[in-house]
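These are the residues of each chain, in order.
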Amino acid sequence: MGAEQVRDGFVELYGARPDGVWAAPGRVNLIGEHTDYNDGFVMPFALPHTAVAAVSRRTDGVLRLHSADLDTGVAELRLDELAPESDKAWTAYPAGVVWALREAGHPVTGADVHLSSTVPSGAGLSSSAAIEVVVALALNDLFALGLQGWQLARLCQRAENVYVGAPTGIMDQTASACCEDGHALFLDTRDLSQKQIPLDLAAEGLRLLVVDTRVTHAHSGGEYGKRRAGCEKGAALLGVDALRDIAYADLDAALDRLGDDEEIRRLVRHVVTEDQRVEQVVALLESGGDTRAVGPVLTAGHASLRDDFRVSCPELDLVVDTALAHGALGARMTGGGFGGSAIVLAEATDVEALTKAVGEAFAAAGHTSPRVFEAVPSAGARRLV
Ligand code: GLA
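Residues numbered from 1 in each chain as written. Predicted model: local features only at pLDDT ≥ 70, side-chain atom pairs only at ≥ 80, totals over all residues. Heavy atoms only, no water.

**What to know about the overall build of the protein**
- Across its full length, the protein holds 11 helices and 13 strands.
- A compact globule built from 385 residues would reach a C-alpha radius of gyration of about 21 Å, and the protein, at 21 Å, matches this within 12%.
- With respect to the principal axes defined by its C-alpha atoms, the protein has extents near 60 × 50 × 40 Å.
- For the protein, the residues scored as buried account for 57% of the 385 residues in total.
- For the protein, restricting intrachain contacts to residue pairs at least 6 apart in sequence, the fraction spanning at least 24 positions comes to 73%.
- Summed over its atoms, the accessible surface of the protein is roughly 14,800 Å², and 48% of this surface lies on carbon and sulfur atoms.
- On the protein, the mean spot of the 33 positive side-chain charges and the mean spot of the 54 negative ones are 2 Å from each other. (Helix = DSSP H or I, 4+ residues; strand = E, 2+ residues; numbered from the N terminus. Rg over C-alpha atoms; globule rule 2.2 N^0.38 Å. Buried < 20%, exposed > 50% of the residue type's maximum accessible area, 1.4 Å probe, protein only. Contact = heavy atoms within 4.5 Å. Areas by Shrake-Rupley, 256 points an atom, 1.4 Å probe, with all protein chains shown as cover. Lys, Arg positive; Asp, Glu negative; His and termini not counted. Charge placed at Lys NZ, Arg CZ, Asp CG, Glu CD.)

This is the structure we're talking about:
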């Protein structure tokens, strides 16, 4: 839905024009999975799909929330009654942002919000981060809070961790807030230092496809949290603050020290090798060489997520295997896993055959037909009107 439509929807709903309209994108992650809560490296880029919000300021301590995408009417909440983990509906994301801002001492006194999103939900493409960030950015502007993108991202992560109750990292919110058109974001999740890396696949005759398996996932479920706890245990056993502190060159020695705790060894091996893969991809892209060389690194990342970190699923593996068998340069699951989407790096000339092959493989396996689209690095969160 475009800015005008969302603005008109707001007028219809609340009987006045909104103070403004903002957009924040979903993301795909090129490389660096399950590294963000280990203080490691990630490299997402923003999708053209966005959450768009028309918002007006209120001064009476009331928050009204409405989604054009759902049939649930207007939710009316009192700011002084917002409480962590009290809300199991979609409204927990925007309300959590308001809660986090106020809890950090920012003078947010209420708002009317009307939202619509084109980011596929449950597809591992950060639809919830897009909602959080669009609301945070709107309130930042309307209440003149003067916060920067990375600060908004931190507050949105807090909303998700504490208010919603999902123990996720900082990647998705930072990607949505800070990505730039035509670039991937190389982010150090320890200090949130960032580097924009130009990524123009079309100029090299390449495409990056997103294949949404239609297997929905949720990170408030136990498996994500279990991986996170396992990584923290690994870091504690190795005497470091976070697994980021284990250098790739020291991996074998670290694994020896972990003895026969096979599960922790696998988690540690994934995180340490994945950080190394992010650095490899950054070096390849910055060298100005052939981007095709990134392909095998993506595929190695998938193997590690499947075999060591164990967050893939049969549908994601089927996308990767089928794509590789039909000429893809590289392929991997993206996002948290347990469903959601895979990405495929391919020659533009192979896209049609490859897409057909994946569709046929899904049909033959009796899976729901996947949704396939091309991802072009797009702009981060911004004001539209
Ligand atoms: C989800 C989380 C992120 C990150 C990824 C895995 O998308 O929200 O913080 O941990 O999973 O890389």
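**Some words on the sheet that holds strand β4 (residues 62-67)**
- Here we have six strands laid out as an open sheet, ordered β5-β4-β6-β3-β1-β13, and mixed in their pairing. The open sheet has two edge strands, β5 (75-78) and β13 (382-383), and neither has a second partner.
- Alignment of β4 against strand β6 (residues 111-117), held across five bridges, turns out to be parallel. Along β6, the bridge assignment pairs His66 with His114. (Pairing = 2+ DSSP bridges.)

**Here's the deal with the nonpolar core**
- With 81 residues, the main nonpolar core has Leu30, Met43 and Leu208 as its most contacted residues.
- With sequence-adjacent residues up to four places away left out, Leu30 is seen in contact with Met43, Pro44, Leu199, Leu208, Val281, Leu285, Leu298, Arg332 and Ile343.
- Counting residues in hydrophobic clusters, the runner-up holds 36 residues, among them Leu238, Val311, Cys313 and Ala328. (Core = buried A, V, L, I, M, F, W, Y, C linked by side-chain atoms within 4.5 Å.)

**What about the packing of aromatic side chains?**
- According to the stated counting rule, one finds four aromatic pairs in the structure shown.
- With centroids separated by 5.4 Å and ring planes inclined at 65°, the aromatic side chains of Tyr37 and Tyr224 adopt a geometry described as edge-to-face. Of this pair, Tyr37 sits in the loop between β1 (20-29) and β2 (41-42) while Tyr224 sits in helix α6 (residues 222-238), and the two are 187 residues apart along the sequence. Accessibility assignment for this pair places Tyr37 and Tyr224 in one class, buried.
- Relative to Phe186, the ring of Phe41 lies with its centre 5.5 Å away and its plane at 55°, an arrangement referred to as tilted. Note that Phe41 is positioned in strand β2 and Phe186 in strand β7 (residues 183-188), a separation of 145 residues in sequence. (Phe/Tyr/Trp six-rings, centres within 6.5 Å; stacked < 30°, edge-to-face > 60°.)

**A closer look at the packing of helix α10 (residues 314-325) against helix α11 (residues 351-365)**
- Direction vectors running N to C along α10 and α11 enclose 140°, while the axes themselves pass 9 Å from each other. Accordingly, the angle class assigned to the pair α10 and α11 is oblique. Once α10 is placed against α11, the crossing between them reads as right-handed. Where α10 approaches α11, its residues Glu315, Leu318, Val319, Thr322 and Ala323 are matched on the opposing element by Leu354, Ala357, Val358, Ala361, Phe362 and Ala365.
- Split by residue class, the contact of α10 with α11 holds nine nonpolar, one polar and one charged. (Axes fitted to C-alpha atoms, helices over the stretch in contact; angles between N-to-C directions. Parallel < 35°, antiparallel > 145°, perpendicular 65-115°, else oblique. Left-handed = near helix turned anticlockwise from the far one by under 90°. Nonpolar A, V, L, I, M, F, W, Y, C, P; charged D, E, K, R; others polar.)

**Notes on the sheet that holds β7**
- Here we have three strands laid out as an open sheet, ordered β2-β7-β8, and antiparallel in their pairing. The open sheet terminates on both sides in strands that have one partner only, identified here as β2 and β8 (193-198).
- Bridge count for β2 against β7 is two bridges, and the pairing is antiparallel. From the neighbouring strand, Val42 faces β7, where its bridge partner is Leu187.
- Its contacts with the sheet put helix α5 (residues 171-178) on β2, β7 and β8, and the angle it makes with β7 is roughly 135°.

**With respect to the site of the ligand**
- Around the ligand there are 13 residues in total, and Glu33, His34, Asp36, Asp172 and Tyr224 lie nearest to it.
- Between the ligand and Arg27, the relevant distance is 3.0 Å, taken from an oxygen atom to a side-chain nitrogen or oxygen of the residue.
- One of the side-chain nitrogen or oxygen atoms of Tyr224 is found 2.6 Å away from an oxygen atom of the ligand.
- Surface burial for the ligand is 98%, taken as the share of its 300 Å² of free accessible area covered by protein chains. (Near = heavy atom within 4 Å. Polar contact = N/O pair within 3.5 Å; in protein donor to acceptor, adjacent residues only side chain to side chain.)

**A word on the environment of Glu85**
- Within the secondary structure, Glu85 sits in the loop between β5 and α2 (92-103).
- Separated by 81 residues in sequence, Glu85 and Ala166 place their C-alpha atoms 9.6 Å apart.
- Leave out the neighbours within four places in its chain, and Glu85 touches Val162, Tyr163, Val164 and Gly165.

None of the figures reported here should be taken as evidence of function without further support.
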